[in-house]
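Understanding the architecture of this molecule
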Amino acid sequence: VQLQASGGGLVQAGGSLRLSCAASSNFASINVMAWFRQAPGKQRESVAQITSGGITAYSGSVKGRFSISRDNTKNTVYLQMNSLKPEDTAVYYCWAGPNVWGQGTLVTVSS
């Protein structure tokens, strides 16, 4: 499977963005899909993940602000990001278990 991420951009603090990650083939059988991010000079970190059954988990820094979802009919996973902060600025990557990465999409949050 190949992953294509989109939806990044420049937004002011407090704003919202929705990232999308489209898979090249049916990913309904992939147990875990996730979003990671990597800020300049920092290690890549997990942001949110979702199982095939719809169980979600979030990092503490985004919990309550970000929401991950998946649409198996569209082979797409989404990351809705609300109340964005400058510290959310990073390249965001989608991931499909066990080890498939999409290309990154840059999110920049201005203060």
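Throughout, residues of each chain are indexed from 1 in the direction in which the sequence is written. Residue-level local features of this predicted model are given only where pLDDT is at least 70; pairs of side-chain atoms are given and counted only at 80 or more, and the full residue set underlies all totals for whole chains, interfaces and linings. Remark: hydrogens and water are excluded; side-chain values derive from all non-hydrogen atoms of the structure.

1. Things to note about the state of the cysteines
Disulfides are covalent bonds that connect the sulfur atoms of two cysteines. Throughout, disulfides are identified as pairs of cysteine sulfur atoms within 2.5 Å of each other. As enumerated under the stated definition, the model contains one disulfide in all. The partner cysteine of Cys-21 in its disulfide is Cys-94, sulfur to sulfur 2.1 Å. Its S-S torsion of about 60° marks the bond between Cys-21 and Cys-94 as right-handed, since a negative value means left-handed. In this pair, Cys-21 sits in strand E3 (residues 17-23) while Cys-94 sits in strand E9 (residues 90-96), placing the two residues 73 residues apart along the sequence. Working definition: helices are DSSP H or I runs of at least four residues, strands are E runs of at least two. Numbering for both runs from the N terminus.

2. Quick word on the pairing of strand E1 (residues 3-6)
The classification of residues rests on relative accessible area computed with a 1.4 Å probe and restricted to protein chains. Under 20% of the type maximum is buried, over 50% is exposed, and intermediate values are partly exposed. Where burial is concerned, the two faces of E1 differ: the one with Leu-3 and Ala-5 is buried and the one with Gln-4 and Ser-6 is not. Two elements, E1 and E3, share four bridges in a ladder whose sense is antiparallel. Following the sheet pairing, Gln-4 is matched in E3 by Ala-22. A strand pair is defined by DSSP finding two or more bridges across the two strands.

3. Considerations on the environment of Ser-16
For Ser-16, the location among the structural elements is in the loop between strand E2 (9-12) and E3. On the basis of relative accessible area, Ser-16 is assigned to the partly exposed category, the value being 41%. Separated by 67 residues in sequence, Ser-16 and Ser-83 have C-alpha atoms that sit 6.2 Å apart. What makes two residues a contact is simply this: any of their non-hydrogen atoms within 4.5 Å. The contacts of Ser-16, once residues within four sequence positions are left out, are Val-11, Gln-80, Met-81, Asn-82, Ser-83 and Leu-84.

4. Description of the sheet that holds strand E8 (residues 76-81)
In spatial order, the strands read E1-E3-E8-E7; together these four strands make up an open sheet with antiparallel pairing. Single-partner strands in this sheet number two, and they are E1 and strand E7 (66-71). Within this sheet the neighbouring strands show an average axis-to-axis angle of 15°, counted without direction. Bridge count for E7 against E8 is six bridges, and the pairing is antiparallel. Residue pairing in the sheet places Asp-71 in a bridge with Thr-76 of E8. Each axis is a line fitted through C-alpha atoms, and for a helix only the stretch in contact is used; angles between axes span 0 to 180 degrees, taken between their N-to-C directions.

5. A few points about the packing of aromatic side chains
Paired rings are identified among Phe, Tyr and Trp, the last through its six-membered ring, by centres lying within 6.5 Å, and are further divided according to the angle between planes into stacked (under 30 degrees), edge-to-face (over 60) and tilted (the rest). A full pass over the atoms with the stated rule returns three aromatic pairs. Note on Tyr-93 and Trp-101: the rings are 6.4 Å apart at their centroids and 85° apart in plane angle, and the pair reads as edge-to-face. The exposure class of Tyr-93 is buried, given its relative accessible area of 17%. Looking at Trp-101, the relative accessible area reads 35%, which means it is partly exposed. Taken together through their ring pairs, the aromatic side chains of Phe-36, Tyr-93, Trp-95 and Trp-101 make up a single cluster. Whether a charge sits over a ring comes down to the Lys NZ or Arg CZ being within 6 Å of the ring centre and within 35 degrees of the ring normal. Directly above the ring of Tyr-93 sits Arg-44, whose terminal nitrogen or CZ lies 3.8 Å from the centroid. Here the basic side chain of Arg-44 rests over the ring of Trp-101, its NZ or CZ set 4.6 Å away from the ring centre.

Everything listed here is a matter of coordinates, which is why it stays silent on function.
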